[in-house]
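# Descriptive structure summary
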Amino acid sequence: MTKNNIAIDYLRAFITLLVLAHHSVIAYASFVPAAIAPFTSKPDLWARFPVVDSQRWHGFDVLVLFNDTFFMSLMFLIAGLFAYPSIARKGNKDYLRGRVLRLGLPFLACTVILGPLAYYPSYLIRGGEPAMGAYFQQLLSLDFWPTGPAWFIAVLLALDLLAALLHKYLPGFIETLSKYASGAAHRPAWFFLGFMCISITAFATMSLILGPIRWFSFGPLAIQGNRILLYPAYFFAGLGIGAWGIEH
């Protein structure tokens, strides 16, 4: 892979803007439920929709729901593009050390500092007492650890760790991914259809089993149930493309 790829740089910037737009307008989408349930009620929709405004616009529904169909998968694919070249250049140990510093420390800051502060307004608009002591008492009584959008950082760190382990112990697996990725140039239509089938299978299977909105959490770690297979599929697609070389 070339050191700088203008097309990929623009894609990364564009998807970042989409993420910012998504989270900026979600409070004004008409499909979001009103913030009337208490902070500790079930289901804990405030974790998905922390702040809900009384003014809504159906146009924001289009942006939010359309983004939700693809933009997180695309972010994992882009992250996978750079994993293999970075591992090959730095080695497993230095690569993992760098990822822990670049992803682990921000995730820790989001978990311990930013997350609790960010959810305080959500607690207030749901009738909570303004006292910070009462807020933290309710926050600590929850059966999960809300981290907000920072869940993405933890999942990406886990996938980076898995990529490094595969590179060390199963290098043939990454070579196989690279071989399949080369089909994008030789037989692009078949490559597209094959990857579309993988995407549909990964998403539809888990959706049928777990439903569309269920989340799984363990401490500060969380992931949406019906995307447990989808996000790794896109990350490893990016890993294979990066191993083959996007310049091809």
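Refer to the structure printed above.
Residues numbered from 1 in each chain as written. Predicted model: local features only at pLDDT ≥ 70, side-chain atom pairs only at ≥ 80, totals over all residues. Heavy atoms only, no water.

## Side note on the environment of A237
Looking at the secondary structure, you find A237 in helix α12 (residues 230-244). Apart from residues lying up to four places away in sequence, A237 is in contact with L77 and F195. (Helix = DSSP H or I, 4+ residues; strand = E, 2+ residues; numbered from the N terminus. Contact = heavy atoms within 4.5 Å.)

## What about the packing of helix α8 (residues 151-169) against α12?
At their nearest, the axes of α8 and α12 sit 11 Å apart, and the two run at 50° to each other. Here α8 is positioned oblique relative to α12, judged by the angle of their axes. The hand of the α8/α12 crossing is right-handed. Along the contact surface, α8 presents W151, L156, L159, D160, L162, A163 and L166, while α12 presents Y231, P232, F235, F236 and L239. (Axes fitted to C-alpha atoms, helices over the stretch in contact; angles between N-to-C directions. Parallel < 35°, antiparallel > 145°, perpendicular 65-115°, else oblique. Left-handed = near helix turned anticlockwise from the far one by under 90°.)

## Considering helix α9 (residues 171-181)
Inspection of α9 places I174, L177, S178 and A181 among the buried residues, and these make up the whole buried set. One side of α9 holds all its buried residues, which, seen down the axis, span an arc of 100°. Every exposed residue of α9 that faces more than 90 degrees away from the buried side is listed here: E175, K179 and Y180. Lining the buried residues of α9 we find α4 (83-90), α8, α10 (183-186), α11 (188-210) and α12. (Buried < 20%, exposed > 50% of the residue type's maximum accessible area, 1.4 Å probe, protein only. Arc of directions from axis to C-beta.)

## Brief notes about the layout of surface pockets
Estimated volume of the second largest pocket: approximately 300 Å³. L177, Y180, F195, I198 and A237 are, among the 13 residues lining the second largest pocket, the residues nearest its centre. When residues of the lining of the second largest pocket are traced back to their parent elements, those giving at least two are α9, α11 and α12. Residue composition of the lining of the second largest pocket, grouped by class: eleven nonpolar, two polar and no charged. (1 Å grid on protein atoms, 1.4 Å probe; cavity = no way out; pocket = protein on both sides within 12 Å on 5 of 7 lines; lining within 4 Å. Points joined across faces, edges and corners; volume = space filled by probe spheres on them. Nonpolar A, V, L, I, M, F, W, Y, C, P; charged D, E, K, R; others polar.)

## Here we look at the packing of aromatic side chains
Going through the model one piece at a time under the given rule, you end up with 22 aromatic pairs. Arranged with centres 5.8 Å apart and planes meeting at 35°, the rings of W46 and F144 form a pair that is tilted. One end of the pair, W46, is in the loop between α1 (6-25) and α2 (58-68); the other, F144, is in the loop between α7 (132-141) and α8, with 98 residues separating them in the sequence. Each of the two residues, W46 as well as F144, counts as buried. On the numbers, 4.8 Å between centres and 55° between planes, the contact of F76 with F152 is tilted. (Phe/Tyr/Trp six-rings, centres within 6.5 Å; stacked < 30°, edge-to-face > 60°.)

## Quick notes on the nonpolar core
Among the nonpolar cores identified, the biggest contains 33 residues, and M72, F76, W151, F152, F235, F236 and L239 are the most heavily contacted of them. Residues within four places of L239 in sequence aside, it is in contact with G80, L81, A83, Y84, A163, I174 and L177. If you look at the next biggest cluster of nonpolar residues, it comprises eleven residues, including F39, Y123, A134 and F144. (Core = buried A, V, L, I, M, F, W, Y, C linked by side-chain atoms within 4.5 Å.)

On their own, these measurements won't tell you what the molecule is for.
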